[in-house]
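Understanding the architecture of this molecule
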Amino acid sequence: MPLHTVLGPVDAGTLGPTSMHEHLLSDLRLWARPAPPGEAPLTGPIRPYDMARLRWNALSVPDNLVLHDPEVATAELTALRAAGGAAVVELTLDGMGRRLAWLPEMSRRTGVTICVGTGWYVEATHPEEIRTASVDTLTERLLADLSDGIDDTGIRPALIGELGTGHPPTEAERRVVAAAGQAAAISGCTVNVHVSFRGQDALTLVELLLAQGMRADRIVLSHMDEVLDRSYHRDAAQTGAVLEYDTFGTDFFYGSPDLRSPADHERLDMAEWLLSEGHTDQLVIGCDVWTQSHLLHNGGFGYEHLFRRIAPALERRVGSEAVHRILVSTPRRLLDRP
């Protein structure tokens, strides 16, 4: 079966090194939090001058949480291509500022393969008809997107996700996850689930998906590298699901020294350990670029970081064959429809 991209179906065997979790055009201001007392609001375009403030509290500036410029996104993808990347999985959904219409031209101009997902993010982004819909109704909507394309764009998703869940998942979020499991059992496609860093819900989500009849090796658990607990990761991997370490290059705090995103060397240590446990085919990686402070344009690491720095660093630790499986072989399997 083909791999579906924003430019149409392609042979999965042609897919090159892939970031499995990115956002190109998005609006995630739902995560914005008030600036600390005594800190003046920051308005207007984000500048490199603002990076220290944003690294200390990335959520305190709503404008930081919007990727709005297709020309900037195109330039950032061009840099990814120059660094050795070939494809990205764009996981922005309705309610997250998705703008599908721009993506085909960005793919043509950069030569980067772009795959997209379908589904619904956290409950705060759900329209009322989704928040209250039955599992069967949600399943039908997912299957329609997978077979006919999203809305009137004609773009068929390569997978379901990123489905949003908080800690703990709400009842509406659980219904969305259950529907995704049913749709995956019917279609054979992959499901990507956003796992909150505020808890350890991966096993609960895997259990819910498996109860719908889908295969464990088609489940991708996003953001596992935000909770670097080896026993948690071991238990998740033993289910057969794929762990996604997708926040490489996220170099900020959430307004407190106690709410720090892990550093890249910690993520690399965890990846090396996971592979030593025998789970090489259960790891994919990405940068989950979703803020202005992530972009090269503003002094961040950009999408290119995964291929320019992380892949070579990982190769020095685990070897080129393992890195090829993480960046190429496993993404091909997950994005190809059986």
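The rules we used
- Residues numbered from 1 in each chain as written.
- Predicted model: local features only at pLDDT ≥ 70, side-chain atom pairs only at ≥ 80, totals over all residues.
- Heavy atoms only, no water.
- 1 Å grid on protein atoms, 1.4 Å probe; cavity = no way out; pocket = protein on both sides within 12 Å on 5 of 7 lines; lining within 4 Å.
- Points joined across faces, edges and corners; volume = space filled by probe spheres on them.
- Nonpolar A, V, L, I, M, F, W, Y, C, P; charged D, E, K, R; others polar.
- Salt bridge = Lys/Arg side-chain N within 4 Å of Asp/Glu carboxyl O.
- Helix = DSSP H or I, 4+ residues; strand = E, 2+ residues; numbered from the N terminus.
- Pairing = 2+ DSSP bridges.
- Axes fitted to C-alpha atoms, helices over the stretch in contact; angles between N-to-C directions.
- Phe/Tyr/Trp six-rings, centres within 6.5 Å; stacked < 30°, edge-to-face > 60°.
- Buried < 20%, exposed > 50% of the residue type's maximum accessible area, 1.4 Å probe, protein only.
- Lys NZ or Arg CZ within 6 Å of the ring centre and 35° of its normal.
- Contact = heavy atoms within 4.5 Å.
- Parallel < 35°, antiparallel > 145°, perpendicular 65-115°, else oblique.
- Left-handed = near helix turned anticlockwise from the far one by under 90°.

Bringing the layout of surface pockets into the picture now. When its volume is computed, the largest pocket comes out at roughly 640 Å³. Lining the largest pocket are 34 residues, and of these Trp-31, His-194, Phe-197, Arg-198 and Tyr-254 sit closest to its centre. Residues that form the lining of the largest pocket fall into these classes: 16 nonpolar, 11 polar and seven charged. Empty space within the second largest pocket amounts to approximately 240 Å³.

What follows covers the pattern of salt bridges. Tallied over the entire structure, the rule returns 21 salt bridges. Between Glu-272 and Arg-317 there is a salt bridge; the shortest N-O distance is 2.8 Å. Of this pair, Glu-272 sits in helix 9 (residues 264-276) while Arg-317 sits in helix 10 (residues 305-318); the two residues are 45 residues apart in sequence, bridging distant segments of the chain. A cluster of three or more residues bridged by salt bridges with shared partners is formed by Glu-123, Glu-128 and Arg-131.

Another point: the sheet that holds strand 9 (residues 191-194). Here we have eight strands laid out as an open sheet, ordered 3-6-7-8-9-10-11-12, and parallel in their pairing. For this open sheet the edge positions go to strand 3 (18-22) and strand 12 (283-285), each flanked by a neighbour on one side alone. On average, adjacent strands in this sheet sit at an angle of 30° to one another, irrespective of strand direction. As judged from the three bridges shared by strand 8 (residues 159-164) and strand 9, these two strands associate in the parallel manner.

Within this structure, the stated rule accounts for two aromatic pairs. Ring geometry for Trp-31 against Tyr-121: centres 6.3 Å apart, planes inclined by 85°, an arrangement best described as edge-to-face. In this pair, Trp-31 sits in the loop between strand 4 (26-27) and helix 1 (51-56) while Tyr-121 sits in the loop between strand 7 (113-118) and helix 4 (128-131), placing the two residues 90 residues apart along the sequence. Under the relative-accessibility criterion, Trp-31 is labelled partly exposed at 26%. Over the aromatic face of Phe-248 sits the side chain of Arg-267, whose NZ or CZ is 6.0 Å from the ring centroid.

The omega torsion of the bond from Gly-161 to Glu-162 falls at 10°, within 30 degrees of zero and hence cis. By secondary structure assignment, the location of Glu-162 is in strand 8. The amide bond that connects His-167 to the next residue, Pro-168, takes the cis arrangement and shows omega of -10°. Topologically, Pro-168 is positioned in the loop between strand 8 and helix 6 (171-187). The phi torsion at His-223 lies on the positive side, around 65°, for a residue other than glycine.

Position of Pro-9 relative to the elements: it lies in strand 2 (residues 8-10). A C-alpha to C-alpha distance of 30 Å links Pro-9 and Leu-205, two positions 196 residues apart in sequence. Sequence-distant contacts of Pro-9, defined by excluding residues within four places in its chain, comprise Pro-2, Leu-3 and His-4.

For the pair helix 6 and helix 7 (residues 202-210), interaxial distance at closest approach is 8 Å and the crossing angle is 50°. Here helix 6 lies oblique to helix 7, going by the angle between them. Every pair of crossing elements has a handedness; the one defined by helix 6 and helix 7 is right-handed. Judged by residue contacts, Arg-174, Val-177, Ala-178, Ala-180 and Gly-181 of helix 6 engage Thr-204, Leu-205, Leu-208 and Leu-209 from helix 7. Looking at the contact of helix 6 with helix 7, its residues break down into six nonpolar, two polar and one charged.

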